[in-house]
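Coordinate analysis (summary)
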Amino acid sequence: QVQLVESGGGLVQPGGSRRLSCAASGSIVSIKAMGWYRQAPGKQRELVAAITSGGSTNYADSVKGRFTISRDNAKNTVYLQMNSLKPEDPAVYYCNAAGIAGTGNALDAWGQGTLVTVSS
């Protein structure tokens, strides 16, 4: 079984910064991509940023230039550095890992989510 544990959420002032972390553990053969998604109340879950094992990144237009995703492949950990947080950024942020599980089956795991609130 694979577990993703997120941390780093909390209350941030507008314009402030926050760093989220997500560590994957369990029976994992390989993780091809890790990503961060977010879901605000009443809205669908959306991709924020993703990164492949090779380091290629993809960002939502709304966070480009403000958020940076990075990854430590050796630790199966992904980070999301969020700068210049805006009132539209508050949401539950979820981590995702896609790859191959130890069973040989496809891996598509989600974390439990971490809440980010932006308020003065």
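Below or above, wherever it landed, is the structure these notes cover. As the structure is a computational prediction, the values presented were derived from the model and not from experiment. (Residues numbered from 1 in each chain as written. Predicted model: local features only at pLDDT ≥ 70, side-chain atom pairs only at ≥ 80, totals over all residues. Heavy atoms only, no water.)

A few words now on the nonpolar core. Among the nonpolar cores identified, the biggest contains 32 residues, and W36, L80 and Y93 are the most heavily contacted of them. With 5 residues, strand β9 (residues 91-101) is the largest single contributor of residues to this core. (Core = buried A, V, L, I, M, F, W, Y, C linked by side-chain atoms within 4.5 Å. Buried < 20%, exposed > 50% of the residue type's maximum accessible area, 1.4 Å probe, protein only. Helix = DSSP H or I, 4+ residues; strand = E, 2+ residues; numbered from the N terminus.)

Another aspect to go through is the state of the cysteines. Scanning the model with the defined rule gives 1 disulfide in all. Here C22 is linked by a disulfide to C95, with a sulfur-sulfur distance of 2.1 Å. Judged by the sign of its S-S torsion, about -80°, the cystine formed by C22 and C95 is left-handed. Note that C22 is positioned in strand β3 (residues 18-26) and C95 in strand β9, a separation of 73 residues in sequence. Residue C22 is classed as buried on the basis of its relative accessible area, which comes to 0%. Residue C95 is classed as buried on the basis of its relative accessible area, which comes to 0%. (Disulfide = S-S within 2.5 Å.)

Take it as geometry only, folks, not as evidence of what the structure does.
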